[in-house]
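# Fold and contact review
Spelled out from the first residue to the last, the chains are:
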Amino acid sequence: MGVIADRLLLVQTSPRLPAGLLSWQGWQALHSGPVYAADPDSAQARAVRASGLPVARLAAEGNRELAAAFRDRARGVGVAVWLSGPDGDPGFARALVELLTGGHPDHAGGELEVVYGSWDPPGARLLDAVATMDRLRSPGGCPWDAAQTHRTLMPYLLEEAYEAYDALEDGDPVALREELGDVLLQVLFHARLAEEAAPPEAPWSVDDVAGDLVGKLVRRHPHVFDGVPVSGPEELHANWERIKRAEKGRTSVTEGVPMALPALALAAALQRRAARAGLPDRPPSAGTGAGGSAELGARLFDLVREATAAGQDAEAALRTVCRAYRDALVAAERPG
């Protein structure tokens, strides 16, 4: 009959979930034998103790010595459980693997099992981003970040959005990933500033931003969340605009179109709104004496209308030509 190996269980948990929110497998592992931790006063250890399970401190001079001490705890009882810290105690885990696979007879017969008591849900790293912004804006954080206001950050919001746009134009998913992070930073920054607002302003936080977004998406997608039947894309657009008008109390299709858009994009946005409402798709004639700039503007406006009718994005089309022209200029400047 073979020798039954001692079991060494490493219970890993996510630091982004509330302490004590563990899977059934995690709780089973913790009930399997005596529980040890490097820090029995951590939030997770306190939650385990609150459930009635003791958590003992196990300390040593280094990870190798700590691994040997933990291995010894399983002798005689057949199992020992390690409650990992927030970072997973990677140095200790590596030392334990090396100990059990090193061939030393004093450590033979041990089986190591990693049990995931909890894991990050999708989007959990957003909590890290919020915590990082909190650290930057809190006392002892970054002086530059602490000095910013909504107004001083305004240029960066546009700049980061355009850099993300550049990454999309370049078809560069790696750059897009980084630039979207910079856009997210602006969202977190402005939300944090709003949270710190003093009366008479009503403070709000990034949670309010996310909550408003979720509420808006649910309201404007009744065909997804309420089972409302739709016949196709045209009815989807009509429902979206109807719901939006009811939410905003708008009296004009032009409300909500940012006039700070680049001119071609602005023209296209106004034309789309007009087309959905059955309104004229071009402005009145500039008339005589209006000057050449008005004539040029009218011609550009008509080009945008023609591009939209052909399913083209006039802003993107002109940018494509400009980028090609930029590349040609760079090539022409090269010697030889």
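Look up a bit, the structure's there.
First things first, this report covers the structure right here in the doc. Predicted, not measured: the structure shown is a model, and the values here were computed from it.

It is worth spelling out the environment of F225 at this point. Mapped onto the fold, F225 is located in helix α10 (residues 222-225). For F225, a relative accessible area of 47% puts it in the partly exposed group. Leaving out residues up to four positions away in the same chain, F225 has contacts with L217 and V218.

For helix α8 (residues 173-195), with 23 residues, the first-to-last C-alpha span of 33 Å sits near the 33 Å given by 1.5 Å per residue. When α8 is considered as a whole, its buried residues turn out to be E179, Q186, L188, F189, H190, A191, R192, L193 and A194. For α8, the secondary structure elements touched by its buried residues are α5 (125-137), α6 (143-147), α7 (150-170) and α9 (206-220). Regarding α8, its N-cap is D172, as a side-chain oxygen of that residue lies 3.2 Å from the backbone nitrogen of V174 further along.

All right, on to the side chain of S118 then. Mapped onto the elements, S118 comes out in the loop between β5 (110-116) and α5. Judged by its relative accessible area of 7%, S118 falls in the buried class. There is a polar contact of 2.8 Å between the side chain of S118 and the backbone nitrogen of S14.

Moving on, we come to the pattern of salt bridges. Per the stated rule, a full pass over the model turns up 18 salt bridges. In this structure, D166 and R323 form a salt bridge, with 3.6 Å as the shortest nitrogen-oxygen distance. Of this pair, D166 sits in helix α7 while R323 is found in helix α14 (residues 314-333), placing the two residues 157 residues apart along the sequence. Look at D166 and you get partly exposed, because its relative accessible area is 29%. Here R192 and E196 are joined by a salt bridge, their closest N and O atoms 2.7 Å apart. Salt bridges sharing partners connect three or more residues here, namely D166, E169, D170, R319 and R323.

Reading the values: the criteria
Residues numbered from 1 in each chain as written. Predicted model: local features only at pLDDT ≥ 70, side-chain atom pairs only at ≥ 80, totals over all residues. Heavy atoms only, no water. Helix = DSSP H or I, 4+ residues; strand = E, 2+ residues; numbered from the N terminus. Buried < 20%, exposed > 50% of the residue type's maximum accessible area, 1.4 Å probe, protein only. Contact = heavy atoms within 4.5 Å. Expected span 1.5 Å × (residues − 1). Polar contact = N/O pair within 3.5 Å; in protein donor to acceptor, adjacent residues only side chain to side chain. Salt bridge = Lys/Arg side-chain N within 4 Å of Asp/Glu carboxyl O.

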